[in-house]
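Reading the structure
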Amino acid sequence: GDDPYIINDKYFPDSFLFGTATASYQVEGAWNEDGKGENIWDRLTHTRPELIADRGNGDIACDSYHKYKEDIALLKGLGRFANQVNDAGVAYYKNLIKELKDNGIEPMVTIFHWDTPQPIHEAGGFTSEFVVDYFGDYARLVYRLFGDDVKYWLTFNEPKQICHEGYGDAQKAPAIVSPGIGEYLCTHNVLKAHARAYHIYDEEFRATQKGQVSIVIDTPWYEPNSFSIADAEAAERKRQFVFGWYANPIFNGDYPEIMKARIAMRSELEGFSSSRLPKFTKDEIAYIKGTYDYLGLNSYSSYLVAAVPEPTIGNPSWEDDTGAPEFQDPSWEGAASHWVKLTPWGMRKLLRWIKATYNDPAIIITENGYSDNGTYGDDSIRQRYYQTFLSNIRDAMEFDKVNVFGYTVWSLLDNMEWMMGYTEKFGLHHVDFNSPNRTRTEKPSAQYYRKVVNTHCLVDSCVNE
Ligand code: GBH
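As the structure is a prediction and not an experimental result, all values here were calculated from the model. (Residues numbered from 1 in each chain as written. Predicted model: local features only at pLDDT ≥ 70, side-chain atom pairs only at ≥ 80, totals over all residues. Heavy atoms only, no water.)

**Focus: the state of the cysteines**
Scanning all chains against the criterion turns up two disulfides. In this model, cysteine 163 is linked to cysteine 186 through a disulfide, with the two sulfur atoms separated by 2.1 Å. Between cysteine 163 and cysteine 186 the sulfur-sulfur dihedral comes to about -70°; the bridge is accordingly left-handed. Here the residue cysteine 163 occupies a position in helix 7 (residues 159-168), and cysteine 186 occupies one in helix 8 (residues 182-209), the gap between them amounting to 23 residues. In terms of burial, cysteine 163 and cysteine 186 fall into one category: buried. Covalent S-S linkage joins cysteine 457 and cysteine 462, the inter-sulfur distance amounting to 2.1 Å. Judged by the torsion about the S-S bond (90°), the cysteine 457/cysteine 462 disulfide is right-handed. A relative accessible area of 5% places cysteine 457 in the buried class. Each bonded cysteine of the protein chain is numbered by sequence order, and under that numbering the disulfide pairs are 1-2, 3-4. (Disulfide = S-S within 2.5 Å. Helix = DSSP H or I, 4+ residues; strand = E, 2+ residues; numbered from the N terminus. Buried < 20%, exposed > 50% of the residue type's maximum accessible area, 1.4 Å probe, protein only.)

**Re the sheet that holds strand 5 (residues 221-224)**
Through backbone hydrogen bonds, the strands of a sheet pair up, either in parallel or in antiparallel fashion. Read across the open sheet, the three strands follow the order 5-7-8; overall the sheet is mixed. In this open sheet, the two strands that pair with only one neighbour each are strand 5 and strand 8 (326-327). Across two bridges, strand 7 (residues 302-305) lies against strand 8 in antiparallel orientation. Counted as the bridge partner of leucine 304 is phenylalanine 327 from strand 8. Against the sheet, helix 9 (residues 229-252) contacts strand 5, strand 7 and strand 8, and its axis sits at roughly 165° relative to strand 5. Here helix 13 (residues 344-357) sits on the sheet and contacts strand 5 and strand 7; the angle it forms with strand 5, its principal contact strand, is near 95°. (Pairing = 2+ DSSP bridges. Contact = heavy atoms within 4.5 Å. Axes fitted to C-alpha atoms, helices over the stretch in contact; angles between N-to-C directions.)

**So, the site of the ligand**
Taken together, 18 residues are adjacent to the ligand, and Gln26, His113, Glu158, Glu417 and Trp418 come closest. Within the side chain of asparagine 157, one N or O atom sits 3.0 Å away from an oxygen atom of the ligand. Side-chain polar atom of glutamate 367 to an oxygen atom of the ligand: 2.9 Å apart, as the coordinates give it. Out of a free accessible area of 590 Å², the ligand has 80% covered by protein chains. Its residues assigned to classes, the shell around the ligand shows seven nonpolar, six polar and five charged. (Near = heavy atom within 4 Å. Polar contact = N/O pair within 3.5 Å; in protein donor to acceptor, adjacent residues only side chain to side chain. Areas by Shrake-Rupley, 256 points an atom, 1.4 Å probe, with all protein chains shown as cover. Nonpolar A, V, L, I, M, F, W, Y, C, P; charged D, E, K, R; others polar.)

**So, the sheet that holds strand 4 (residues 212-218)**
Read across the open sheet, the seven strands follow the order 1-10-9-6-4-3-2; overall the sheet is parallel. Of all strands in the sheet, those with a lone pairing partner are strand 1 (17-21) and strand 2 (108-112), marking the two edges. Neighbour-to-neighbour, the strand axes of this sheet turn through a mean angle of 25°, independent of strand direction. With four bridges connecting them, strand 3 (residues 152-157) and strand 4 associate as parallel partners. In the strand pairing of strand 4, tryptophan 153 is matched with valine 213. Across the sheet, helix 7 is in contact with strand 2, strand 3 and strand 4; its angle to strand 4 comes to roughly 45°.

**A short note on the side chain of histidine 188**
As for its position among the elements, histidine 188 is in helix 8. There is a polar contact of 3.5 Å between the side chain of histidine 188 and the backbone oxygen of lysine 279. Excluding anything up to four places from it in sequence, histidine 188 contacts Tyr255, Pro278, Lys279 and Phe280.

**Here's the deal with the pattern of salt bridges**
Within the structure shown, the criterion is met by 37 salt bridges. In this structure, arginine 206 engages aspartate 202 in a salt bridge whose closest nitrogen and oxygen atoms are separated by 2.5 Å. Highlighted residues: arginine 206 and aspartate 202, both in helix 8, separated by four residues, approximately one helical turn. Residue arginine 206 is classed as partly exposed on the basis of its relative accessible area, which comes to 22%. In this structure, the salt-bridge partner of arginine 239 is glutamate 236, at a minimum N-O distance of 2.7 Å. (Salt bridge = Lys/Arg side-chain N within 4 Å of Asp/Glu carboxyl O.)

**So, the nonpolar core**
The biggest cluster of nonpolar side chains holds 130 residues, and the ones touching the most others in it are Tyr143, Trp153, Leu351 and Tyr407. For this core, the leading source of residues is helix 8, giving eleven residues. Setting aside anything within four residues of it in sequence, one finds tyrosine 407 in contact with Phe16, Leu17, Phe18, Gly19, Ile364, Ile365, Asn368, Tyr386, Leu390, Ile393 and Tyr449. Of all hydrophobic cores here, the second largest spans eight residues; its members include Met108, Leu154, Ile364 and Phe405. (Core = buried A, V, L, I, M, F, W, Y, C linked by side-chain atoms within 4.5 Å.)

**Considering the pairing of strand 6 (residues 295-298)**
Side chains of strand 6 alternate between two faces, with Leu295 and Leu297 and Gly296 and Asn298 buried alike. As defined by bridge partners, strand 4 adjoins strand 6 across three bridges and the pair is classed as parallel. Its bridge partner lying in strand 6, valine 216 is registered against glycine 296. In this structure, strand 6 lies alongside strand 9 (residues 363-367), joined through four bridges in parallel fashion. When the sheet's bridge partners are listed, leucine 295 is paired in strand 9 with isoleucine 363.

In short, shape yes, function no, at least from these values alone.
Here it is in structure tokens:
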């Protein structure tokens with residue numbers, strides 16, 4: 001179990017869930033059909049197309065709003081998707097969930113994957129506390145409408161991208177530039193909104209619907225660049241600023257001490273009269289702590305972190321607050337997305353660290369995957385990506401006793417890759433975005449994944465533990 005490149009030949013448990021993931025804006029299209037309202041990605045891609053690599057948008061995307069039955073047939077061929085109440089929208093999701101269940105597929109639903117309604121954003125969006133009430137009402141509605149058929153709920157997908165990228169460095173809609181300020185306000189409200197949605201389920205639905213609620217938190221693994229204590233501390237600080245920012249309030253209570261200390265210290269030197277990191281009251285800490293039944297984890301890759309001198313005081317930023325910049329080893333084999341490297345060993349370390357740091361939660365890996373640039377044919381490297389990552393996941397289960405109960409590949413389909421438009425493709429299925437039909441074609445790695453799902457085994461012959 002010590003060599004990350006030897007493939008684990010133990011079966012995954014019978015109860016282990018395998019699946020694939022998609023997200024509504026990235027696949028559905030039909031952006032203005034049937035009374036659907038405008039969201040922040042519609043607005044960004046339509047008014048600032050120059051921000052998207054190929055000026056692409058999600059107006060049609062994979063047209064899954066119309067082609068969901070075909071998609072579920074593909075999925076079955078192997079084995080998540082995600083304000084005014086829109087009747088056609090409700091019908092779409094009812095049909096989608098029914099079709100999944102009719103095909104023996106367990107739906108795992110993310111309530112919010114980044115498509116904030118534009119009017120909510122205009123009113124202040126995630127930097128305003130009113131959003132907590134709106135999100136709670138929205139969660140209640142989706143539990144009521146779909147909760148009889150959905151047992152696995154996730155409130156938010158990747159809050160760090162919503163806040164850091166959406167309000168810090170403008171790498172995601174709504175592309176607000178408020179580094180070191182807006183992103184902390186946003187996180188404060190996202191955490192409260194998550195907790196609100198969790199408590200609503202607990203108080204109003206759990207007894208009858210008997211499902212589970214959690215959040216998806218994303219992080220790469222941060223490996224110290226050397227055996228020095230300073231590098232180890234820098235890497236741990238980075239983990240706390242990326243993952244602990246969200247996980248610590250939910251699993252342990254309140255923001256990580258290191259964040260509170262560093263942001264207060266830097267805010268004071270910058271001349272702020274109080275810390276840029278908002279404070280939770282005692283009651284709020286208690287309200288947020290424990291709002292999980294399991295953990296949804298998205299992780300694709302690893303980074304290295306080396307100790308650096310304290311960044312000079314200037315304009316506030318989350319990056320300088322971390323005091324721990326990241327980089328990658330140029331020798332790591334990479335995907336079309338520059339941030340995705342074949343570092344499967346990082347997955348096992350990450351799982352072991354989460355178990356130790358957050359009270360050994362039950363974990364489902366909700367996203368992991370490999371991107372190409374549209375060339376299809378031989379994608380054996382994607383197959384190797386799944387195999388080596390899953391092997392390290394199986395090692396973590398076997399040798400480190402990490403409680404992992406499922407894995408879903410990102411993604412079922414090539415799709416609208418946010419700022420990268422249609423230039424990076426994570427699908428098990430190629431989608432021809434030039435054909436009005438949006439023809440889906442299986443990539444060879446889908447055959448490998450099918451075999452894994454069917455056999456619960458990563459190599460040709462597996463043994464029982
Ligand atoms: C996921 O995020 C998203 O949930 C999903 O919607 C998306 O399609 C999928 O990734 C694939 O991209 O350019 O170095 O600043 C994954 C986590 C973290 C990946 C931030 C991109 C930017 C890295 N994301 N990261 S960098």
